[in-house]
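# Working through the structure, step by step
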Amino acid sequence: MSEASIRVPITASVIQFFHRLFTRGATRLIYCAVMIVVLWIVGLPLSAIFIASFYSGSPLDPGPFTLANYVLTYTYGPTYQALINSLLYATTGTISGLVIGLGFAWLIERTDMPFRGLAWVLIVVPIAIPSFLLSLGYILLLNPTNGVLNVILRWCLGFFGYTADSGPINIYSLGGMLYVNAISGGTSSFLLLVSAFRLMDQQIEDAAMVCGATKWTTLRKVTLPVLLPAITVATIYKFSGDLNDMDVPLLLGLQSQVYVLPTLIFFSAFYSDTVEWGLATALSSPFILIAFGLSYIFYCVVVKNAQQQKYATVGGKTTQSRRVRLGKWRYAALGIFLVYFLLSTGLPFVILLWASLLPSYRVPSWEALSLVSLTNYLELLQWPNLVPAVWNTLLLGFYTGTSVMAVAFFTSWIIIRSQFRGRFFLDALTFLPHVLPGSVVALGLVFTYLHPALAPAGLYGTLFIMALGMMVGYLPFAIRVMNGSLTQIHKELEEAGTVNGARPITVMVRVTLPLVLPAFLTGFVWVAAHAFRSLTMPLMLGSADTETLSVILFNLWERDGDFSGAAALGMGLILITAGLTILARKFIQRAFGSWERK
Amino acid sequence: MKTKRLRSTILLFICACLLLSTVRAQVFAQSFDLQALKQEAAKRKQIFLTRAEILAGAKKEGKLKVVPGFTKEGIPDMVAAFKKKYPFIKNISWDVVTGSVATQREVMALAAGSKQTDVLNVSTAVLDSYVDRHLMKAYDFQGMVQAGELKIPLKMVQGVMVWTGNSISIIAYSTLVVPPEKAPKNWNDCLDPQWKGKVAVDTRGRYLARVYPAWTAEQLLDFAKKLKNNDPKWVRGQTSTMPRLTSGELALFCGANLHSTNRVLVKDPSAPIKIVVPDPVGMTTGDHAAIYTKAENPHAGLLWIEFTASKEGQEVRDSFNPGDGSYLVEGTLANKLVGTTKVSVCADLECLSKQREVGERIIVEAWKFPKAGR
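For clarity, every value in this text was computed on a predicted model and none was experimentally measured. (Residues numbered from 1 in each chain as written. Chains lettered and ligands numbered in written order. Predicted model: local features only at pLDDT ≥ 70, side-chain atom pairs only at ≥ 80, totals over all residues.)

### Details of the overall build of chain B
Counting secondary structure elements, chain B contains 14 helices and 11 strands. Here the C-alpha coordinates of chain B stretch approximately 95 × 60 × 40 Å along the principal axes. Across the 374 residues in chain B, those meeting the buried criterion constitute 51%. Long-range contacts, defined here as pairs at least 24 residues apart, represent 77% of the contacts in chain B between residues at least 6 apart. (Helix = DSSP H or I, 4+ residues; strand = E, 2+ residues; numbered from the N terminus. Buried ≥ 20, exposed ≤ 12 C-beta atoms within 10 Å, placed from the backbone. Contact = placed C-beta atoms within 7 Å.)

This is the structure we're talking about:
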């Protein structure tokens, strides 16, 4: 055999080796890279706070190892009652959120309800309003003494003999708490479901009806089962978010002595200047167990079936989606939407707008009209750091939205598509921050990124570290959006790419990503809107050079006690978010105009 | 005649010598005293500086970085006033730290050396963290103040720190709901059944706890229990309560912050709320300033602390946040309002710690809010 002929087999072997590395090895490299990124972003901060929960004292000055926090949690009687209250609170909120989200997602994406585009924007805009402003808006509307709605209701009911000088609605009650939670929780559920409806193939339903199924039977046995991944994702996300909700129960539930677990955490760990971080984490541990349980349910119910393409609605064939004609019910549907919008956002928005035009809040009256002026807005415009703050806010929204959705896409691909053994752990790990108190998670980030080993990296006080910190809080939603969407994409499309020689990363980016782009953009809008109003990370990880609008708002609220000024700035945040949402919606419409049917 | 003149001259000369030597002795004694004070401070591992040393050092430094405890809006005014007094300190920068997590971050960053500042705003809630990490330079403020090297009211000195602000608990009421003849005058008016269900009380017991040590812990707990029996409206935060007061939903706010309430009145003089300073008025000291151990400009920092505690600095502070300035300094709103009213204030850190403990007991024992661990 000649030397030349020996060289050929060796060269061919080397080429084959690298070819295998770049095909099969590339996939494993992607798994490893994503795992490392997720462990870095989520695992490190969470492990810092979990470790801290096994030590007395603060993470800053840890004492000896102890199980006292956990012993205290599970031997303290009220813990269980608070947990039951939390479960009830979350269940009612989830049911209503699901009904609202599912109902409006269907109306906007699948029917010919008028002003659908506007409705899409109006459902998303509430994200921009900081929760403490929105909560106060509800109180000013519905407090039994002189809440604006109550005053109007008393006047109306006066014709029917109602003579009481308070009520009829009392927001400081268990019912008030449940009402506010129910009415204000539709946005996230809607966003988790809307892209699923967009990717739904009408032919599946047509096939059922051709076989004699009624509309109701089709809905029960075809539509809802196909949407099961998205519904499961929305349910799990809403439920766990409501478990962790503290603002509404603390503001409204105390009067009726209703304590949920987050309220218990507040009084046990956060009420004084000396915060008990370890106890806060230990008291959250029931939620952590629930989060793992929910992730396991998602894994068993959805992921395993998704791998058999049970929920795929987008395949190699052309898909069709027609809008359901509502006929005379079109305007009734619009009416229902408007009532919901008014109750959930419109009325609190009007109250906040009214407050922003006054030097200090007054109940709307002819006398108070004489105090109306644009002074608060003019003062804001003269704020020395306003322009840099707006720029920082927009940049932060963009960085965070892009990075979160990018990581979510790859992570979700591994969870739904791969056979990677650690995918359940990956899903559960990224979900955990959603059930922990925000301050506790934030502390974990502080201890991670300000560790002396990392200090030379110079991340302190930069927009980058703020975006990194926010990723922890927004990954749960982003991954759930992508999970729901990916289950609807048939593998055959990706296999077609692989068969034609595309590498895994190429298939992901050039085949899968364009198909799930509606969900990607929806998630981007949600993340960016939350980043605009996010307060915890900019306050803790930012510096004077990276001040954002939310920090200015916080200073107005907390340090200056200026409710009217804060309300004015809140209006500004709503405008920015509305602009972003309109742009995103237009892009989705243009890019996916072929999805629109007659 | 000649002899008489000679005698007078000699006498005069001797007197002059005596006078000169007395003055020189005094100067020598003073410098000897200052030396003694320095040595005394050194024995306690503290640093004593004379005013001349402080000024000379500050001139050499020429710049400063601070973390003030007061509202951010007022920092530029304070900096401008300070620069006017000390024009040789040309470059002043600042940072703001808000909240417990940000404080933890601050402590970590300072300990790691990844943050640089000259003047700290010390959170007494985590004072041990500062002490254990040796973050505060041990200046003998008490000695320097007593020797007249620094012009700071002595009561504002607490160890190696100087507090420059205070928070005062008062009663605010809505004039839409409360007629002048029924206006509250004192703490016990919060227990009046006519205000049942209309009295706002912050769930954080510390606002009431400020009345310690003027009232004993038991007196405070008893008051808190009676307050609970009057069916209060539990609130959280001053800002979110003020609109409810100005709208008339709430009649009284017992334990309101003086400067939070006054801010509303400054912005809107026609706001339908009034302030009542009860007796005793509850107060807590705040904005504890100290020099960072690794400060690059410690002398300029000392001048800053002195300035913010001075009448001039407190006037500036009170101008952008009335009620926030120290009650010890004449001319501040707190000083005017307190007047001859008995002030309940903790003179030392041990008392502050006890005050916090009383606040916790109010929440758990008197108000029965759930707290794991109690």
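### Looking at the packing of helix α22 (residues 463-486) of chain A against helix α25 (residues 517-533) of chain A
Two measures define how a pair of helices packs: the angle their axes make with one another and the distance between the axes. All names here are of chain A. For the pair α22 and α25, the least separation of the axes is 9 Å and the interaxial angle reads 160°. Our classification of the angle between α22 and α25 gives roughly antiparallel. The two elements α22 and α25 meet at a crossing, and its hand is right-handed. Residues M470, Y474, F477, A478, V481, M482 and S485 of α22 lie in contact with α25, whose contacting residues are A519, T522, G523, W526, V527, H530 and A531. Here the contact of α22 with α25 is composed, by residue class, of 10 nonpolar, 4 polar and no charged. (Axes fitted to C-alpha atoms, helices over the stretch in contact; angles between N-to-C directions. Parallel < 35°, antiparallel > 145°, perpendicular 65-115°, else oblique. Left-handed = near helix turned anticlockwise from the far one by under 90°. Nonpolar A, V, L, I, M, F, W, Y, C, P; charged D, E, K, R; others polar.)

### Looking at the pairing of strand β3 (residues 119-122) of chain B
Residues and elements named next belong to chain B. Where burial is concerned, the two faces of β3 agree: the one with V119 and N121 and the one with L120 and V122 are both buried. Looking at chain direction, β3 and strand β10 (residues 281-291) are connected through 4 bridges and run antiparallel. Of the residues in β10, the one forming a bridge with V119 is I291. (Pairing = 2+ DSSP bridges.)

### As for helix α7 (residues 174-184) of chain A
Those residues of α7(A) lying buried are A:G176, A:M177, A:Y179, A:V180, A:N181, A:A182 and A:S184. Elements in contact with the buried residues of α7(A): α3 (77-110), α5 (131-142), α11 (228-243), α12 (247-253) and α16 (329-356) of chain A.

### Focus: the interface of chain B and chain A
Tallying the contact residues gives 51 residues for chain B and 55 residues for chain A. Within the residue set of the side of chain B that touches chain A, elements represented by two or more residues are α4 (100-112), α5 (127-132), α9 (238-246), α10 (258-267) and α14 (349-366) of chain B. Residue contributions to the side of chain B that touches chain A peak at 9 residues, all from α4(B). The class makeup of the residues in the side of chain B that touches chain A is 17 nonpolar, 18 polar and 16 charged.

### Some details on the domain arrangement of chain B
Many analyses report the size of an interface as the accessible area lost when the parts associate. Residues and elements named next belong to chain B. Here chain B is partitioned into domain 1 (43-165 + 285-338) and domain 2 (167-284 + 352-366). Put simply, the middle of domain 1 and the middle of domain 2, counted by C-alpha atoms, are 30 Å apart. Counting residues at the interface gives 12 residues for domain 1, matched by 12 residues for domain 2. With 4 residues, the single largest contributor to the side of domain 1 that touches domain 2 is helix α13 (residues 333-338). Class assignment of the residues belonging to the side of domain 1 that touches domain 2 gives a composition of 6 nonpolar, 5 polar and 1 charged. (Domains from an automatic or database assignment.)

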